[in-house]
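Here is what each chain is made of, one letter per residue.
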Amino acid sequence: MKKIIRYGIVGTGIIAEAHANALRSAVNSKLVAVYDKDPERAGKFAQRHGGKVYNNYKEFLSDNEIDAVSIAVPSGLHMETAIPAAEAGKHILCEKPLDVSLVKAQAIIDACRKNNVQLSVVFQLRFGESVQKIKKALDLKLFGRIVLVSMQLKWFRTQEYYDTASWRGTWELGGGGVLMTQAIHDLDLMLYLNGFPSEVTAYASTMTHTGIEVEDNAAAVIRWPDGALGVIEASTSCAPGFPRRLEISGEKGSVIMEDGKITRWKLAAISENNTAETAKNESLSGGSSNPSAISAGGHQQQFEDLSEAILTGKKLFLSGEDGLPSLRFLHGIYESAKRGIPVKFTG
Ligand SMILES: NC(=O)c1ccc[n+]([C@@H]2O[C@H](COP(=O)([O-])OP(=O)(O)OC[C@H]3O[C@@H](n4cnc5c(N)ncnc54)[C@H](O)[C@@H]3O)[C@@H](O)[C@H]2O)c1
């Protein structure tokens, strides 16, 4: 029986480096080919990481050695990259967001289902040990009724970051700015841990970068169906860039996580010594000031999860459908910011 899933990477830019590094360590996965519309980039990437180089997507997809592809092209090109891959029978690991609109994201899910291939979306922070500890505590209602949930992403990106990849500052290919590109991970965690909100009121602004259509700063307030309230602050203008932060506070306990590590964990009923939940914290994040500093550990778990699902038929930890809630929420945030009104989510 086959034991290794052979991957081709599509798009050999910044995050593809994490994909290749992850594939080097992932137990049941291997990099065998790369494709980028820029042949020079693909060639240099393959020199660093190995794999056959393709300059034609159709030829890449017809390579029978490739079992699965990881998609790391600009966000607004995910659907047009993923659908032909699904039709060629390739399983897919797709970078976040699944695409920039819910319609396009759903089209990827439908194509994968129709062609009987597995689809996983990258939200590598969900694999974090600290995230799973918090999830378990919430499931056990250890923090009691949750009253406040807040996230801060006070990051920094240079003007060059936007200038060197023109898709990043656009609605069509980026789908938004700091919220869609960076804070989507934190929003995904908020929804994963505390459920889908009922209402959001948001403000978004382009403050320190030029030549971009999208926001580099945003703030929002949220309400959940059970009455819990929340706050979002997201920026790529805050020099020099601090760790991302998520706080969940309940009537019986509260937790603070910074850059994937639990830094405070207090339960009202237990002594201070029992704050040992901070033990063995690993960081799956990074990237507060440097987009290349994102660790490959979470991506490794993503590849291993997908490979195992392909090999054994086990349920994916992160399916394609898991890419929809954050996207739906983000579109609500953008609608609120654009129209200057609270947006309610129904159904
Ligand atoms: N999971 C994470 O933490 C994380 C971090 C950064 C980026 N991302 C996501 O990864 C994706 C890529 O982001 P990036 O920062 O690496 O971008 P990038 O601009 O550095 O790289 C994109 C690459 O895709 C290539 N490309 C463009 N159009 C193509 C096409 N039609 N076919 C093949 N190749 C094409 C470009 O030449 C470039 O090499 C985005 O969707 C982004 O949201 C995820």
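Here the structure is a predicted model, which is why all the values come from computation and not from measurement. (Residues numbered from 1 in each chain as written. Predicted model: local features only at pLDDT ≥ 70, side-chain atom pairs only at ≥ 80, totals over all residues.)

Peer 1: Tell me about the site of the ligand, residues and numbers included.
Peer 2: Every one of the 23 residues lining the ligand counts as a neighbour, but Gly 11, Gly 13, Ile 15, Glu 95 and Ala 165 are closest to it. Ranked by the residues each element gives to the shell around the ligand, the list is headed by helix H1 (residues 14-25), at 3 residues. For the shell around the ligand, the per-class residue count stands at 11 nonpolar, 6 polar and 6 charged. (Near = placed C-beta within 6 Å. Helix = DSSP H or I, 4+ residues; strand = E, 2+ residues; numbered from the N terminus. Nonpolar A, V, L, I, M, F, W, Y, C, P; charged D, E, K, R; others polar.)

Peer 1: Before we move on, can you summarise the environment of Ala 82 with the specific residues and values?
Peer 2: Along the chain, Ala 82 falls in helix H4 (residues 78-87). Residues Ala 82 and Cys 112, spaced 30 residues apart in sequence, show a C-alpha to C-alpha distance of 8.5 Å.

Peer 1: Pulling in residues and values, what's your account of the nonpolar core?
Peer 2: The nonpolar side chains of a soluble globular protein tend to be buried with one another. Among the nonpolar cores identified, the biggest contains 92 residues, and Ile 92 and Cys 94 are the most heavily contacted of them. The element contributing the most residues to this core is helix H9 (residues 178-194), with 10 residues. (Core = buried A, V, L, I, M, F, W, Y, C linked by C-beta atoms within 7 Å. Buried ≥ 20, exposed ≤ 12 C-beta atoms within 10 Å, placed from the backbone.)

Peer 1: How would you summarise the sheet that holds strand S5 (residues 91-94) if you had to cite specific residues and measurements?
Peer 2: One open sheet accounts for 6 strands, arranged S3-S2-S1-S4-S5-S6; its pairing is parallel. A single partner strand is all that each edge strand has here, and the edge strands are strand S3 (52-54) and strand S6 (119-121). Going across the sheet, the axis of each strand differs from the next one's by a mean of 25°, ignoring polarity. As paired elements, strand S4 (residues 68-71) and S5 share 4 bridges and run parallel to each other. The residue bridging Ser 70 from the neighbouring strand is Leu 93, located in S5. Taken strand by strand, helix H10 (residues 297-312) contacts strand S1 (5-10), strand S2 (29-35), S4, S5 and S6, and its axis lies near 160° from that of S5. (Pairing = 2+ DSSP bridges. Axes fitted to C-alpha atoms, helices over the stretch in contact; angles between N-to-C directions. Contact = placed C-beta atoms within 7 Å.)

Peer 1: Just give me the short version of helix H6 (residues 129-139), but keep the residues and values in it.
Peer 2: Because an α-helix completes one turn every 3.6 residues, residues spaced three or four positions apart along the sequence face the same direction. All of the buried residues in H6 are Ser 130, Val 131 and Ile 134. Burial along H6 is one-sided: seen end-on, the buried residues are contained in an arc of 100°. Away from its buried face, by an angle of more than 90 degrees, H6 presents the exposed residues Gln 132, Lys 136 and Asp 139. If you follow the buried residues of H6, they end up packed against H9, strand S11 (245-250), strand S12 (253-258) and strand S13 (261-267). Just downstream of H6 lies Lys 141, where phi reads positive at about 60°. (Arc of directions from axis to C-beta.)

Peer 1: Tell me what's going on with the packing of H1 against H10, and back it up with residues and numbers.
Peer 2: In helix packing, the relevant descriptors are the interaxial angle and the interaxial distance, both defined with respect to the helix axes. One way to put it is that H1 packs onto H10 with a least axis distance of 8 Å and a crossing angle of 60°. Here H1 is positioned oblique relative to H10, judged by the angle of their axes. Of the two elements, H1 crosses H10, and the hand of that crossing is right-handed. Of the residues in H10, those in contact with Ala 18, His 19, Ala 22, Leu 23 and Ser 25 of H1 are His 299, Gln 300 and Phe 303. By residue class, the composition of the contact of H1 with H10 is 4 nonpolar, 4 polar and no charged. (Parallel < 35°, antiparallel > 145°, perpendicular 65-115°, else oblique. Left-handed = near helix turned anticlockwise from the far one by under 90°.)

Peer 1: Before we move on, can you summarise the sheet that holds S11 with the specific residues and values?
Peer 2: By way of backbone hydrogen bonds, the strands of a sheet pair with one another, either parallel or antiparallel. Across the sheet, 8 strands lie side by side as S13-S12-S11-S7-S10-S9-S8-S14; this open sheet has mixed pairing. Every other strand in the sheet has two partners, leaving S13 and strand S14 (343-344) as the edge strands with one partner each. With 7 bridges connecting them, strand S8 (residues 199-205) and strand S9 (residues 217-223) associate as antiparallel partners. The residue of S9 that forms the bridge with Val 200 is Ile 222. The strands touched by H9 within the sheet are strand S7 (146-154), S9, strand S10 (229-235) and S11, with S7 carrying the most contacts at an inclination of about 160°. Contacting S8, S9 and S14, helix H11 (residues 324-339) runs over the sheet at an angle of about 65° to S8.

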